[in-house]
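Here is how the chains run, residue by residue.
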Amino acid sequence: MQLFYGVPEDIEKWMNLVTQVRWNFPGLETEKKLNEHRATVSKFMEKRQAICVKEENEIAGVMLFSRGHNIICCLAVAPEYRRRGLASILMDEALHNLDKTKEISVSTFRADDEKGTAPRALYEKYGFVADELIEEFDYPNQKYVLHPVGAERKDRQLAINTMVQKISGILSNREPSIYMYGSSVLNDFRLGWSDLDILVLTSTQIAEEQAKSLVALRQAMLADNPSNPYYRSFEGGMLTLDAFLSKKTDRVVYWGTSGERITDCYAFDSFSMAELIESSVLLYGKDIRKELKSPTFHELYADVKRHYETIRKYAQSTDRSFYSFGWMLDIARCIYTLRTGKIIAKTEAAEWALENKLCPDPDALGFALKVRRSPLEYKDDKQTFDYAETLAKPIQRFADVLEKELKAGK
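Quick notes on the rules
Residues numbered from 1 in each chain as written. Predicted model: local features only at pLDDT ≥ 70, side-chain atom pairs only at ≥ 80, totals over all residues. Heavy atoms only, no water. Salt bridge = Lys/Arg side-chain N within 4 Å of Asp/Glu carboxyl O. Helix = DSSP H or I, 4+ residues; strand = E, 2+ residues; numbered from the N terminus. Buried < 20%, exposed > 50% of the residue type's maximum accessible area, 1.4 Å probe, protein only. Polar contact = N/O pair within 3.5 Å; in protein donor to acceptor, adjacent residues only side chain to side chain. Contact = heavy atoms within 4.5 Å. Phe/Tyr/Trp six-rings, centres within 6.5 Å; stacked < 30°, edge-to-face > 60°.

## Observations regarding the pattern of salt bridges
Pairing between side chains of opposite charge can happen when the charged atoms of each approach one another. Enumeration according to the criterion identifies 29 salt bridges in this entry. Measuring nitrogen to oxygen at the nearest pair gives 3.2 Å for the salt bridge that ties Arg-153 to Asp-131. Here Asp-131 lies in strand β6 (residues 129-136) and Arg-153 lies in helix α5 (residues 152-170), a separation of 22 residues in the sequence. With a shortest N-O distance of 2.4 Å, Asp-303 and Arg-306 are connected by a salt bridge. With Asp-303 and Arg-306 both in helix α9 (residues 297-314), this residue pair falls three residues apart, about one helical turn. Several salt bridges share partner residues, and in doing so they unite Arg-312, Asp-400, Glu-403 and Lys-407 into one network.

Below is the structure:
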């Protein structure tokens, strides 16, 4: 068997293989869809992004990949040639063509789908890590990612996957839906500063014993793996979908910066709700985001105003903490939301505010942005925390700008 780059003369035999296995691939059910795929294969052939393995003159396996998007698009092996290493031959060649200094992704079947057993094992053999749950052609799939060597993102995703496995195991009879939102999915997570924001919504109330297990879970995982820097970063709520939507009382498990506890209510502000609807990722269970209502500008405005009042009250002085720099970033984000009605990452908001010369103390915002980008570089720097103690006046002057935006946005 030998690997070749597909050429137009291969298209009939290529499509014969695809037609043979079409029922394993959502989106190829009709003749129209097959013809569309044929046209796609031809385009990939023109770009030398279509490869196949042949035995004599027969095509035994095929793959499409995209250099531009750094993804593996399609992999298929004829049934009679499986378990003979063809998929690995194709994978080796595709990865040779893709940029390993960036994330390489592929979509495959979910863990509970029998069609996913072989492809998931293949991707995991090559170091791909299971990522968010997605849908393609109205069929449940899962994204897998091959991270660059030494990427922080890989270690974080492995910790997320372990946490999701533990939570879903405890709540196995409650049909949990588990989401990640916030900085981690906005590409703004910074180890040493950011949280891993998680939301767990169940079909029925969490039992008392389950709640107790969940309350203790973060600490138990840290005790088992004290060197893992992520387990302590998870924050969020776990409750029934009904209570989350209606804001009724419920048995709620809460994880926060100050600790964890069982409480009776948990609600999102409009910023978090917008993030959940627009940019969150589903990690486990059924996707219920279509049942959620996007916040209005009036609701976003009200939460910005509350945040402004908090800044006026509590940022009259600052302490030796990264969170003192956070006030500057929060103000930039609030101004952006008032002007656009949209939510973006804090780092991006600060960059935007500097570019538009909105901050009266650009050096202070610039320093905050520098610390935000690389908090671990400054965690033991005395001058950084000396400076953090002096930020009250720059914060209040930047809050003056936010106050004007609030008045203009009425």
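## Comments concerning the side chain of Ser-270
Secondary-structure assignment places Ser-270 in helix α8 (residues 270-279). A relative accessible area of 6% places Ser-270 in the buried class. A polar contact is formed between the side chain of Ser-270 and the side chain of Asp-303, at a distance of 2.5 Å. Excluding its chain neighbours within four sequence positions, the residues that come into contact with Ser-270 are Pro-295, Glu-299, Leu-300 and Asp-303.

## Topic: the packing of aromatic side chains
The tally for this structure, following the rule as stated, stands at 16 aromatic pairs. Relative to Tyr-144, the ring of Tyr-123 lies with its centre 6.3 Å away and its plane at 45°, an arrangement referred to as tilted. With a gap of 21 residues between them, Tyr-123 in helix α4 (residues 117-125) and Tyr-144 in strand β7 (residues 139-146) connect regions that are remote in the sequence. In this pair, the class of Tyr-123 matches that of Tyr-144, namely buried. Taking the centre distance of 5.7 Å and the plane angle of 10° together, the rings of Trp-193 and Phe-322 count as stacked. Placement of the pair is Trp-193 in the loop between β8 (177-181) and β9 (196-202) and Phe-322 in helix α10 (residues 322-340), with a sequence separation of 129 residues. For the residue pair Trp-193 and Phe-322, the accessibility class agrees, reading buried in each case. Aromatic rings pair up to connect Tyr-181, Phe-244, Tyr-254, Tyr-266 and Phe-268 into one cluster.

## Quick look at the side chain of Arg-333
Position of Arg-333 relative to the elements: it lies in helix α10. Relative accessible area serves as the criterion here: at 10%, Arg-333 is assigned to the buried category. Here Arg-333 is in contact with Leu-186, Phe-271, Glu-275, Ile-343, Ile-344, Ala-345, Lys-346 and Ala-349, once residues within four sequence places are set aside.

## Topic: the environment of Lys-370
Inspection of the secondary structure assignment puts Lys-370 in helix α12 (residues 362-373). Measuring from C-alpha to C-alpha, the distance between Lys-370 and Gln-383 comes to 14 Å, with 13 residues separating the pair along the chain.

## Some thoughts on the environment of Leu-133
Position of Leu-133 relative to the elements: it lies in strand β6. According to the relative accessible area criterion, Leu-133 is buried, its value standing at 10%. Sequence spacing of Leu-133 and Lys-143 is ten residues, and the spatial spacing of their C-alpha atoms is 6.3 Å. Not counting residues within four places of it along the chain, the set of residues in contact with Leu-133 comprises Arg-110, Asn-141, Gln-142, Leu-282, Leu-283, Tyr-284 and Gly-285.

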